[in-house]
Amino acid sequence: EARTQDLRRANEELAAQRDSLEALSEKLAKESQVKSDLLSMVNHELRTPLTSIITLAQIALESGGADAEERRSWEEVRKSSSVLLGMINDMLDIARSDAGAMAVSMELMDLGDIVASAQGTIGPLAVGARVTLTTTVAPDVPLVSGDYEKMLRILENLGSNAVKFTPAGGTVAITAMREEATGDVLVTVSDDGIGIAPENQERIFERFYRVDKSHSKASGGTGLGLSIVKHAVAYHHGMIDLQSEPGKGTTITVTFPK
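A brief look at the structure comes next.

Parameters at a glance
Residues numbered from 1 in each chain as written. Predicted model: local features only at pLDDT ≥ 70, side-chain atom pairs only at ≥ 80, totals over all residues. Heavy atoms only, no water. Helix = DSSP H or I, 4+ residues; strand = E, 2+ residues; numbered from the N terminus. Buried < 20%, exposed > 50% of the residue type's maximum accessible area, 1.4 Å probe, protein only. Contact = heavy atoms within 4.5 Å. Expected span 1.5 Å × (residues − 1). Bend = angle between axes of the 7 residues up to and from the residue. Polar contact = N/O pair within 3.5 Å; in protein donor to acceptor, adjacent residues only side chain to side chain. Axes fitted to C-alpha atoms, helices over the stretch in contact; angles between N-to-C directions. Left-handed = near helix turned anticlockwise from the far one by under 90°. Nonpolar A, V, L, I, M, F, W, Y, C, P; charged D, E, K, R; others polar. Pairing = 2+ DSSP bridges. Core = buried A, V, L, I, M, F, W, Y, C linked by side-chain atoms within 4.5 Å.

### A look at the overall build of the protein
For step 1, the next point in the chain: A tally of helices and strands in the protein yields six helices and seven strands.
For step 2, the next point in the chain: For the protein, the succession of helices and strands along the chain, N to C, is α-α-β-α-β-β-α-β-β-α-α-β-β.
For step 3, the next point in the chain: A burial count over the protein gives 35% of its 258 residues as buried.
For step 4, the next point in the chain: Long-range pairs, those at least 24 residues apart, make up 71% of the contacts in the protein with a sequence separation of at least 6.

### Some details on helix H6 (residues 225–235)
For step 1, the next point in the chain: Buried within H6 are the following residues: Gly 225, Leu 226, Ser 227, Ile 228, Val 229, Ala 232 and Val 233.
For step 2, the next point in the chain: Positioned one or two residues after H6, His 237 has a phi angle of 60 degrees, which is positive.

### As for helix H3 (residues 111–129)
For step 1, the next point in the chain: Taking 1.5 Å per residue as the helical rise, H3 with its 19 residues ought to reach 27 Å, and the 26 Å between its terminal C-alpha atoms agrees with that figure.
For step 2, the next point in the chain: In H3, a bend of some 35 degrees at Ile 122 exceeds every other bend along the element, and Pro 124, a proline, comes one to four places later.
For step 3, the next point in the chain: Within the sequence span of H3, burial applies to Leu 111, Ile 114, Val 115, Ala 118, Ile 122, Gly 123 and Ala 126.
For step 4, the next point in the chain: If you check the start of H3, you find a side-chain oxygen 2.8 Å away from the backbone N of Gly 112, and it comes from Asp 110.

### Regarding the packing of helix H4 (residues 148–164) against H6
For step 1, the next point in the chain: Here H4 crosses H6 at 145 degrees, and the two axes come no closer than 9 Å. Handedness of the H4/H6 crossing: left-handed. Two secondary-structure elements touch here, H4 through Lys 150, Arg 153, Ile 154, Asn 157, Leu 158 and Asn 161 and H6 through Gly 225, Leu 226, Ile 228, Val 229, Ala 232 and Val 233.
For step 2, the next point in the chain: Per-class residue counts for the contact of H4 with H6 are seven nonpolar, three polar and two charged.

### Considering the pairing of strand S6 (residues 239–245)
For step 1, the next point in the chain: Pairing of S6 with strand S7 (residues 249–256), which is carried by seven bridges, proceeds in the antiparallel orientation. Directly across from Ser 244, in S7, lies its bridge partner Thr 250.
For step 2, the next point in the chain: Between S6 and S7, which follow one another and run antiparallel, lie three residues, and Gly 247 among them has a positive phi close to 85 degrees.

### Quick look at the environment of Glu 245
For step 1, the next point in the chain: Tracing the sequence through the fold places Glu 245 in strand S6.
For step 2, the next point in the chain: The spatial distance from the C-alpha of Glu 245 to the C-alpha of Ile 196 is 5.9 Å, given a sequence separation of 49 residues.

### Comments concerning the nonpolar core
For step 1, the next point in the chain: In this structure, Leu 111, Ile 154, Leu 155 and Leu 158 are the most contacted members of the largest nonpolar core, which totals 35 residues.
For step 2, the next point in the chain: Secondary-structure elements contributing two or more residues to this core are H3, H4, strand S4 (171–178), strand S5 (185–191), H6 and S7.
For step 3, the next point in the chain: Membership of the second largest hydrophobic core comes to five residues, among which are Leu 50, Ile 54, Leu 85 and Ile 88.

### Topic: the side chain of Arg 78
For step 1, the next point in the chain: Within the secondary structure, Arg 78 is located in helix H2 (residues 68–98).
For step 2, the next point in the chain: Classification of Arg 78 as buried rests on a relative accessible area of 15%.
For step 3, the next point in the chain: Polar contacts involving the side chain of Arg 78 include one to the side chain of Glu 75, which spans 2.5 Å.
For step 4, the next point in the chain: Those residues in contact with Arg 78 that sit more than four places away from it in its chain are Ile 54, Ala 57, Gln 58, Leu 61 and Pro 124.

### A closer look at unusual backbone geometry
For step 1, the next point in the chain: Not every positive phi belongs to a glycine, and Arg 130 is a case in point at roughly 55 degrees.
For step 2, the next point in the chain: Taking relative accessible area as the criterion, Arg 130 reaches 63% and is therefore assigned exposed.
For step 3, the next point in the chain: Positive phi, close to 60 degrees, is recorded for His 237, a residue that is not glycine.
For step 4, the next point in the chain: Relative to the helices and strands, His 237 is located in the loop between H6 and S6.

Encoded structure:
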């Protein structure tokens, strides 16, 4: 009889726990829906006007009718809007990856086109930071299979990150080449900037991790760029190699399978 009573109490406790778990599951489902709705709102309600602001600022800069003071103001509007748009894109990419909604379309593409597009985005940042940007694509680099937008984001994030942490007068170089032994394609982004200490080299691919918080705060960003690169490279079944020495610069090599 005592054991029967113990079992009855245990069953009642299990039933209460089940009810609690069901309530928690329902709460989590509602929170997930809220997050999904928020992402949709961010995607449509913030990105569209920001893109319009950037476009209008660019038109104003290219019109030639503004004086020096107005041009500085328009340039600041364009630059700040671009930074904000980049932060929104980073957060959306991470959220989609967590939700398993990161769509990847694999198709043949020319890395030369991707490097040229990345140069168009990173070039103005390099000019503003007074950093020399060079790009080189070897003539024997074959077509690669991948997602154009994701590959472009890899180069843009690596290149803009290199520019941020390279002092004025420094150099950032983007190169694409074919590895003779394996036939794989190597894309390298190197700089002669501040470098990364050995104890921080593993952690820089973590979300929101910043090696130099004071510098990062001054240069902007969410601390998500390298985490996004890591995810995008994994989607392409590639590998990342980092070589860095404090005070001498950093080289990040991404290997894409042939």
